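Close look at the chain arrangement
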Amino acid sequence: MSGGGPIAERALRLMRRFPRITQKSVDISIYDRVWNVKKRSQYARKGVGNYVYKSWEHKQRFAPVGFVHDSSPFYQHCPVHDYYKDVLHRRSYPPMSLFELQLLIDTGKLDTNQPIDLTSLALTGTYRIDPAFNEYGVQLTDDGIDCFQAKINIEVQYASEQVISAIERHGGTITTAYYDIKSVAALYNPEKFFKKGEPIPKRLLPAPDQIAYYTDPKNRGYLSDPELIAKERFILAQKYGYELPDLTKDEKMLTLRKDPRQVFFGLEPGWLVNLKNKEILRPVDKDWQEFYEKV
């Protein structure tokens with residue numbers, strides 16, 4: 001053979017891509033070897049008696065360096081991306097745009113004189129969630145941000161900075177609040193919950209991975225300091241260039257908030273709503289009162 005030729009060039013290109021060659025890396029994988037098993041004799045058990053086979057693990061002779069779990073070298077393995085890891089346990093927030101919210105207000109399905117929460121949106125019949133699929137509430141998006149002009153007091157579970165500025169620009173207020181899955185089911189369908197004859201549950205605190213979001217005044221979290229929220233409202237107004245209205249001189253409805261343990265407006269945890277007799281029953285036992293009043 002004379003000269004290198006294309007085969008030699010191809011071999012050199014492969015050598016540049018492969019890892020450093022050592023005595024271990026050029027060794028053939030022990031899992032690729034095929035052993036010829038000999039029979040003992042024609043008088044062995046049914047004529048198929050074999051020698052006792054011991055794997056390389058029994059002989060403490062492991063695979064060469066670079067082989068991972070099988071006969072493939074590590075540089076030939078496809079990377080594994082767990083895009084759907086723990087997908088059954090993730091919290092999801094079905095979106096609702098500002099355009100849809102403005103449309104519900106214009107058509108009279110939402111009353112701007114009352115605070116708006118998940119119950120108000122569910123009673124319109126246009127927004128649907130399913131707590132059985134780990135859907136934890138409303139995600140307000142900025143679609144239709146130029147069309148939104150309502151002055152409201154709304155409570156959602158997630159909102160971006162643009163959505164917060166769009167609501168506060170027109171004199172409204174927004175709060176991001178967390179509800180556990182049982183509270184979400186009660187909020188989404190109050191009639192179904194009250195027919196069960198169960199007392200109103202006490203809302204649980206956020207999960208560990210969401211405490212930072214709901215305690216941040218920039219997100220208008222319901223667990224953040226009101227003084228810091230007022231400061232962040234002023235900073236956001238300066239950033240987007242609009243005048244911030246004074247809430248102290250405005251309607252009381254805009255400053256109405258739920259207690260961190262409260263689920264429904266006007267109803268406390270532990271109360272029992274009787275739809276048939278149209279009455280509300282409150283716990284009398286002191287132990288139950290302490291349980292529901294304890295933060």
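Everything in this summary refers to the structure shown in the same document. Position numbers for residues count from 1 along each chain, tracking the sequence in the order it is written. Local features are withheld for residues below a pLDDT of 70 in this predicted model, meaning they are given only at 70 or higher, and side-chain atom pairs are given and counted only at 80 or more; totals for whole chains, interfaces and linings count all residues. To obtain the side-chain values, all non-hydrogen atoms of the structure were used and water was disregarded.

On to the overall build of the chain. Strands here are runs of E lasting at least two residues and helices are runs of H or I lasting at least four, both read from the DSSP assignment and numbered beginning at the N terminus. Helices and strands together make up the secondary structure of the chain, namely nine helices and seven strands. Counting over 295 residues, the chain shows a buried share of 35%. The contact rule is simple, with two residues in contact once any of their heavy atoms fall within 4.5 Å. Look at the contacts in the chain between residues 6 or more apart in sequence, and 60% of them connect residues 24 or more apart. Summing over all exposed atoms, the chain offers an accessible surface of approximately 20300 Å²; the carbon and sulfur share of this is 54%. A simple rule labels every residue: compare its accessible area, found with a 1.4 Å probe on the protein chains alone, to the largest value its type can have, and call it buried under 20%, exposed over 50%, or partly exposed in between. Note on areas: these come from Shrake-Rupley sampling with a 1.4 Å probe, and a residue is covered only by the protein chains present in the view.

Take the layout of surface pockets next. Points on a 1 Å grid over protein atoms alone make up a cavity when a 1.4 Å probe fits among them but cannot get out, and a pocket when they form an open set with protein on both sides within 12 Å along at least five of seven lines; lining residues each have an atom within 4 Å of a point. Grid points are joined across faces, edges and corners, and a volume is the space filled by probe spheres set on the points. The space that makes up the largest pocket amounts to roughly 550 Å³. Surrounding the largest pocket, 30 residues form its lining, T175, P226, I229, T255 and R257 being those nearest its centre. Looking at the lining of the largest pocket, the elements that each hand over two or more residues are β3 (153–156), β5 (173–176) and α8 (226–240). It is α8 that provides the largest number of residues to the lining of the largest pocket, a total of four residues.

Below, the discussion takes up the environment of F194. Structurally, the position occupied by F194 is in helix α6 (residues 190–195). Residue class for F194 comes out buried when judged on its relative accessible area of 12%. Dropping the residues within four chain positions of it, F194 is found in contact with I200, F264, L267, V273 and L275.

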